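# Descriptive structure summary
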Amino acid sequence: MSLFRLFRVSRQLQTVRATRLLSGKAEDMARQVPTSGSADDADFYVCSCFFTNNFYLKDYNVHVVYRDDTQFGTEYKEIMKKYGCRTDKQWDQVLSQAKSELKRRQNLFQQSLERSRQIRTQYRPLHPQVYTLQESFFVPEFLELVELSRKSDTTPEDVLKFVTSCPDDRVYEFPVFTKQFCQQFMAEITHFEDSDLPKGRPNTMNNYGILLNELGFDEGFITPLRTDYLRPICRILYPDWGGDALDSHKAFVVKYKLGEDLDLSYHYDNAEVTLNVSLGKEFEEGSLYFGSMRQVVQPQPSYSEHKHRPTYGLLHRGQHKHGAMPIDEGERYNLIIWMRSSKVRNKLCPMCDQKPTLVQTVGFGDGFTRETKTVDVCCAS
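These figures come from a predicted structure and were not determined experimentally.

Scanning the protein from N- to C-terminus turns up eleven helices and 18 strands. Counting the 381 residues in the protein, one finds 52% classified as buried. A fraction of 80% describes how many contacts in the protein between residues 6 or more apart in sequence connect residues 24 or more apart. Surface accessibility of the protein: about 18300 Å² in total, with carbon and sulfur atoms responsible for 48%.

Relative to the helices and strands, glutamate 188 resides in helix α7 (residues 179-193). Here glutamate 188 occupies a buried position and makes no salt bridge, while the nearest side chain of opposite charge, arginine 124, is found at 11 Å. Polar side-chain contacts of glutamate 188 include one of 2.8 Å to the side chain of tyrosine 131. Setting aside its immediate chain neighbours within four residues, glutamate 188 contacts Tyr123, Pro125, Leu126, His127, Val130, Tyr131 and Phe217.

Pairing in this open sheet of three strands is antiparallel, and the strands run β17-β2-β18 from one edge to the other. In this open sheet, the two edge strands, each paired with only one partner strand, are β17 (358-360) and β18 (368-369). One ladder, built from two bridges, connects strand β2 (residues 44-47) with β18; its direction is antiparallel. Opposite phenylalanine 44, over in β18, you have threonine 369 as the bridge partner.

Throughout the structure, instances matching the rule amount to twelve salt bridges. The salt bridge partner of glutamate 214 is arginine 115, with a shortest N-O separation of 2.7 Å. Placement of glutamate 214 in helix α8 (residues 212-215) and of arginine 115 in helix α4 (residues 88-122) is noted, with a sequence separation of 99 residues between them. As far as burial versus exposure is concerned, glutamate 214 and arginine 115 are alike and both buried. Aspartate 240 is the partner of arginine 170 in a salt bridge, and the nearest nitrogen-oxygen pair spans 2.9 Å. In this pair, arginine 170 sits in the loop between β5 (164-165) and β6 (172-175) while aspartate 240 sits in the loop between α9 (218-237) and β8 (248-257), placing the two residues 70 residues apart along the sequence. The class for aspartate 240 is partly exposed, based on a relative accessible area of 46%. Through salt bridges with shared partners, a single ionic network connects Glu101, Arg104 and Arg105.

With that settled, the discussion passes to the pairing of strand β15 (residues 320-324). Taking burial as the measure, the five residues of β15 include five buried ones, the bulk of the element. Side chains of β15 alternate between two faces, with His320, His322 and Ala324 and Lys321 and Gly323 buried alike. Note that strand β12 (residues 288-293) and β15 share four bridges and pair antiparallel. Note that in β15 the partner of methionine 293 across the bridge is histidine 320.

With that out of the way, let us pick up helix α3 (residues 69-81). Taking 1.5 Å of rise per residue, the 13 residues of α3 would be expected to cover 18 Å, and the 17 Å separating its terminal C-alpha atoms lies within 8% of that figure. Remark: the principal bend of α3, roughly 40°, maps to glutamate 75. When α3 is considered as a whole, its buried residues turn out to be Gln71, Phe72, Tyr76 and Met80. Those residues of α3 that are buried are in contact with β3 (55-57), β4 (62-64) and α4.

Here valine 64 shows up in strand β4. For valine 64, a relative accessible area of 1% corresponds to the buried category. In this structure the C-alpha to C-alpha distance between valine 64 and tyrosine 76, which are twelve residues apart in sequence, comes to 8.1 Å.

Turning next to the nonpolar core. Ranked by internal contacts, the top residues of the largest apolar core, which has 53 residues, are Phe142, Phe177 and Leu315. At the level of elements, α5 (140-150), β6, α7, α8, α9, β8, β10 (273-280) and β16 (327-340) are the ones that each hand at least two residues to this core. If near-sequence neighbours (up to four positions away) are discounted, phenylalanine 142 is found in contact with Phe174, Pro175, Val176, Tyr229, Leu230 and Ile233. In terms of nonpolar packing, the next biggest core, distinct from the first, is built from 17 residues, Val62, Val65, Met80 and Cys85 among them.

So, on to the environment of leucine 237. Within the secondary structure, leucine 237 sits in helix α9. Along the backbone, leucine 237 and arginine 170 are 67 residues apart, and their C-alpha atoms lie at a distance of 8.2 Å.

Now for the packing of α3 against α4. α4 packs onto α3 with a crossing angle of 130° between their chain directions and a minimal axis gap of 11 Å. In terms of orientation, α3 and α4 fall into the oblique class. In this structure, α3 crosses over α4, and the sense of that crossing is right-handed. Here α3 contributes Asp69, Phe72, Gly73, Tyr76, Lys77 and Met80 to the contact with α4, which in turn contributes Asp88, Trp91, Val94, Leu95, Ala98 and Lys99. Residue classes in the contact of α3 with α4 are distributed as seven nonpolar, one polar and four charged.

The geometry of α5 relative to α9 is characterised by a closest axis approach of 8 Å and an angle of 60° between their N-to-C directions. Compared by their axis directions, α5 and α9 come out oblique. Note that α5 runs across α9; the crossing there is left-handed. Counting all contacts with α5, which are made through Phe142, Leu143, Leu145, Val146, Ser149 and Arg150, the residues of α9 involved are Asp228, Tyr229, Leu230, Pro232, Ile233, Arg235 and Ile236. Broken down by class, the residue content of the contact of α5 with α9 amounts to nine nonpolar, one polar and three charged.

So, how was this worked out
Residues numbered from 1 in each chain as written. Predicted model: local features only at pLDDT ≥ 70, side-chain atom pairs only at ≥ 80, totals over all residues. Heavy atoms only, no water. Helix = DSSP H or I, 4+ residues; strand = E, 2+ residues; numbered from the N terminus. Buried < 20%, exposed > 50% of the residue type's maximum accessible area, 1.4 Å probe, protein only. Contact = heavy atoms within 4.5 Å. Areas by Shrake-Rupley, 256 points an atom, 1.4 Å probe, with all protein chains shown as cover. Lys, Arg positive; Asp, Glu negative; His and termini not counted. Salt bridge = Lys/Arg side-chain N within 4 Å of Asp/Glu carboxyl O. Polar contact = N/O pair within 3.5 Å; in protein donor to acceptor, adjacent residues only side chain to side chain. Pairing = 2+ DSSP bridges. Expected span 1.5 Å × (residues − 1). Bend = angle between axes of the 7 residues up to and from the residue. Core = buried A, V, L, I, M, F, W, Y, C linked by side-chain atoms within 4.5 Å. Axes fitted to C-alpha atoms, helices over the stretch in contact; angles between N-to-C directions. Parallel < 35°, antiparallel > 145°, perpendicular 65-115°, else oblique. Left-handed = near helix turned anticlockwise from the far one by under 90°. Nonpolar A, V, L, I, M, F, W, Y, C, P; charged D, E, K, R; others polar.

Here it is, written out as structure tokens:
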């Protein structure tokens, strides 16, 4: 399917933003989130807008803000008619979806902790070795790229010789893993999917997939992958997006298959930099397409297409709007790593465009940290 045809027959994702400050009610609900240990020597937080903003209504392919019934009706009842929500019954269903999403988010962190504990005690891995990162998992070309990026005198021009990129869009492709590792990793994910254990899904846009922190991949695999291998590359390619200070992440696997999820709507990621690795299996079509950065308004949007090849990764800015075209046949697994820099997002939350209101949570949260003021002892004495 061509990009031109895809966008003629598909409704483009619309995001309607509200600019009013978050209500005290939402903040009170947010404080009920349980706390836990942190990682990367810092306590991490979510912004309180997590409990109000960017609720996805799948039936209408639109993101909304929900604080309470009154605000929601005032801001969206007329707007939603443009998307086909015209009857009272349809509006009641939309309202129910928004409330359901709020409840899901309020319970998300506690339920994730409970799933993690249950998986840790009851799950028996098929391939235990894939939970600990090893250099044998990587192809030699990737290790050469990393080694080059670790050198202090390496320039972007040096790195660009090792990657494939399209002019001006700053989307980079390069081989990452061996085919053998991808097969074992997918087999492990499939083995877990086939179990009776509970599974947390990556987000409301993906109905199929696995949160890798719940399965136990964070400490031994994803964290060293981010800090030791990906951060040196991002330091060179994305210095303006905290590339040298990516201190947290969210990692998950998504699956596309006929009869399940076929594609992914146009969106941007809650990340500074994203790595998207195609693991396999056999599939046709399903290219990624990229538009503009989320801050750019285009009267006539234009898109660039990037074909996904197994074992290869696409590295891009998280706020670069993109989507996945439908696969025509087969099945595809992708490893997604949203890398976040508290140095960047502490100044402005990418989901509400406000100075973040911090709510403590578990693990990496959404990558925000509480900044502490330092005092010059010499000046103060």
